[in-house]
Amino acid sequence: MNFITAASLGKILNRWGSTLLAATLVGATPSLASAQTNVTANLSKSLGDVVVQDTKGWVRRDDPAMVKWRDDRFGIMIHWGIYSVAGGWWNGKEVKGAAEWIKAFAHVPNADYDQLVGQFNPTNYDPVAWAKLFKATGAKYVVITTKHHDGFCLWDSKFTDFDIAATPYKKDLIKPLAEALRAEGIDVGLYYSIIDWHNPDYRASLKTPEDKIAYARYLVYLKNQVKELLTKFGPVTTIWFDGRWDSSYKSNPQTGQDLEAYCRSLSPGIVIGDRVRAYDAMADYNSGYERKLPVTQPLTDWECCMTMTENAWGYHRTWTGNGWKTPGDICELLTRCAAMNGNFLINIGPKPDGSIRPEEVARLDRVGAWMKINHDAIYGAEAFPIKDLPEGIYATRKGDHVYLIAFRWPDTDKLKLAGVSIASASLLTADGAKPIAVEGGNTLVGLPMESPDTIAAVLALELKD
Ligand code: FHN
């Protein structure tokens, strides 16, 4: 027996339009004997974790692991699982929206959904090639879904048969990727959903004593799997929990507190986002900026996770909502995060055969070309507010350098900067840094008429002591 009901989510501000969506998933609450799940989902097309704006319980970490995570600034998120076989379509009908939610959105009974296991055979999976692609993109960490809400595990778990070992492919997908990433100097992050639509002990709400007993069993299962994740695949930089909004988890802060402590006991120094908690504290950073950026700079560490299309984290064959973000959009989102002391995760949704879509590879390649020239403005950089900076120009600081990242090139050959005392300046280009003259210690003069980069050019300023 397995059922899915979930408390509604709050509103979701979509960065590409301000759409407030309230979502409620109301499932038939079947008797214990019922074998199938028919989920009546009237979910909106997007579900996003709510942003907890305050700093409740947050303590800034400055240990090496957290400093590295903060300096990394830029990561890649991977949503991959048997839902990629469906690719956003079910029974010949396109389901617009988050493709990894196809089971809920298309009201798929377990027995039908589980057929996808026998069709998931990623023979084109090449973790070494993936790691090299991510390295060329400039990503410093990668977060991959080890288990999404559907409960399917991308590794051979001792605690379930609903995993990669049951597929024609059979082999663990996580360890080879973790090893390939580390070989490229990229940190490993593992996503794990608290929600589990497959596990019969999962409960979205705890209405009866039986619910409580079953959910307690489920939490043991969850911790057993988390232990597998944090002990089987080598050093894990960050564990990325998701799906904390059901009342079963949300209503008891102790559950999240225990889980956070358990992860830290297994992997000292691990970086954990606030989605491990029942909204009672921030853990190490605020991971609530999902497909949106903060309006003002948060006081805590934070991370934005972003889809390349409107809202399909997992592979969707056709739907892109209001379209694909351009490489320029992605670079600007990354820049805006760094300019507000935040990290940025751009998501890809690999195909069921293990290949990555050409649209995604092309964007990652172009972002990588931009990062190759301008990474100093991003890695290890922090906010540097400059009064009256022209629109489309963002500023970051790293040590005695300030970087102006111009997505809109100044329309004059001079740029005066309030409150900045400049010793020297240069323009970063594919052919190296070109000197820019400075007048009066605060005005750049002789700027070229056009930006040397179709996405954005960076002016690197050395500050006077
Ligand atoms: O429901 C999930 C969704 O499928 C996706 O995994 C995103 C990524 O952050 N998290 C949840 C929505 O907040």
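Up top is the structure.
Residues numbered from 1 in each chain as written. Predicted model: local features only at pLDDT ≥ 70, side-chain atom pairs only at ≥ 80, totals over all residues. Heavy atoms only, no water.

Visitor: Where do I start with the overall build of the chain in this structure?
Guide: On a plain count of helices and strands, the chain comes out with 11 helices and 21 strands. Relative to its 465 residues, the chain shows a buried fraction of 58%. A separation threshold of at least 6 residues defines the contact pool for the chain, and within that pool the share at least 24 residues apart is 70%. With the model as given, the accessible surface of the chain reaches about 17700 Å², and the carbon-plus-sulfur share is 53%. (Helix = DSSP H or I, 4+ residues; strand = E, 2+ residues; numbered from the N terminus. Buried < 20%, exposed > 50% of the residue type's maximum accessible area, 1.4 Å probe, protein only. Contact = heavy atoms within 4.5 Å. Areas by Shrake-Rupley, 256 points an atom, 1.4 Å probe, with all protein chains shown as cover.)

Visitor: It is not clear to me how the sheet that holds strand β20 (residues 443-445) should be interpreted in this structure. Could you clarify?
Guide: Read from one edge to the other, the open sheet built from eight strands follows the order β14-β15-β16-β21-β18-β19-β20-β17, with strand pairing classed as antiparallel. Each edge of the open sheet is held by one strand with a lone partner, namely β14 (382-383) and β17 (415-416). One ladder, built from five bridges, connects strand β18 (residues 422-429) with strand β19 (residues 432-439); its direction is antiparallel. Within the sheet, the bridge partner assigned to threonine 429 lies in β19 and is glycine 432. Contacts from helix α11 (residues 358-374) reach β16 (401-406), β18 and β21 (457-463) within the one sheet, and its direction differs from that of β18 by about 150°. (Pairing = 2+ DSSP bridges. Axes fitted to C-alpha atoms, helices over the stretch in contact; angles between N-to-C directions.)

Visitor: Where do I start with the side chain of serine 248 in this structure?
Guide: On the secondary structure map, serine 248 appears in helix α8 (residues 247-250). Once you skip the residues sitting within four places of it in the chain, serine 248 turns out to touch Tyr202, Arg203, Ala204, Ser205, Leu206 and Tyr215.

Visitor: Help me out: how do you make sense of the side chain of glutamate 303 in this one?
Guide: Considering the arrangement of structural elements, one finds glutamate 303 in strand β12 (residues 302-306). Buried within the structure, glutamate 303 lacks any salt-bridge partner; its nearest side chain of opposite charge belongs to arginine 275, at an N-O separation of 7.2 Å. (Lys, Arg positive; Asp, Glu negative; His and termini not counted. Salt bridge = Lys/Arg side-chain N within 4 Å of Asp/Glu carboxyl O.)

Visitor: For this particular structure, what's the right way to read a positive patch on the surface?
Guide: Together, Lys158, Lys175, Lys227 and Lys232 make up a region of like positive charge exposed at the surface. Along the chain, lysine 175 turns up in helix α6 (residues 174-183). (Patch = residues over 30% accessible without salt bridge, like charges linked within 9 Å, V, L, I, M, F, W, Y side chains within 5 Å. Charge placed at Lys NZ, Arg CZ, Asp CG, Glu CD.)

Visitor: Help me understand the site of the ligand in this model?
Guide: The ligand sits among 16 residues. The nearest are His79, Glu100, His149, Asp242 and Glu290. Within the side chain of histidine 149, one N or O atom sits 2.7 Å away from an oxygen atom of the ligand. Protein burial of the ligand: of its 330 Å² of free accessible surface, 99% is covered by the chains. Per-class residue counts for the shell around the ligand are seven nonpolar, four polar and five charged. (Near = heavy atom within 4 Å. Polar contact = N/O pair within 3.5 Å; in protein donor to acceptor, adjacent residues only side chain to side chain. Nonpolar A, V, L, I, M, F, W, Y, C, P; charged D, E, K, R; others polar.)

Visitor: Would you explain α11 in this entry?
Guide: For an α-helix, 3.6 residues make a turn, and residues three or four places apart therefore share a direction. Over its 17 residues, α11 runs 24 Å from end to end, which matches the ideal 24 Å to within 8%, given 1.5 Å per residue. Turning to α11, its buried residues are Glu360, Arg363, Leu364, Val367, Gly368, Trp370, Met371 and Asn374. Angularly, the buried residues of α11 cover 165° about the axis, an arc narrow enough to put them on a single face. In α11, those exposed residues whose orientation departs by more than 90 degrees from the buried face are Pro358 and Lys372. (Expected span 1.5 Å × (residues − 1). Arc of directions from axis to C-beta.)

Visitor: How should the pairing of β21 be read in this particular structure?
Guide: Consecutive side chains of a regular strand alternate in pointing toward one face of the sheet and then the other. Within β21, six of the seven residues are buried, which leaves the element mostly enclosed by the surrounding structure. As defined by bridge partners, β16 adjoins β21 across six bridges and the pair is classed as antiparallel. Note that in β21 the partner of alanine 406 across the bridge is alanine 457. Here β18 pairs with β21 via six bridges, running antiparallel. Each residue of the ladder has a partner; that of alanine 425, found in β21, is leucine 461.

Visitor: What is the right way to read the sheet that holds strand β11 (residues 286-290) from this model?
Guide: Strand pairs in the sheet, formed through backbone hydrogen bonds, run parallel or antiparallel to each other. With parallel pairing, eight strands are arranged side by side in an open sheet as β10-β9-β8-β7-β4-β13-β12-β11. Edge strands, defined here as strands with exactly one partner in the open sheet, are β10 (271-272) and β11. Judged from the four bridges that link them, strand β4 (residues 74-78) and strand β7 (residues 141-147) form a sheet pairing that is parallel. Among the inter-strand pairings, isoleucine 76 is bridged to a residue of β7, identified as valine 142. Sitting on the sheet, helix α5 (residues 127-137) is in contact with β4, β7 and β13 (342-348), with an inclination near 145° to β4. In the packing of helix α10 (residues 327-338) onto the sheet, the strands contacted are β4, β12 and β13, and the crossing angle to β13 comes to about 155°.

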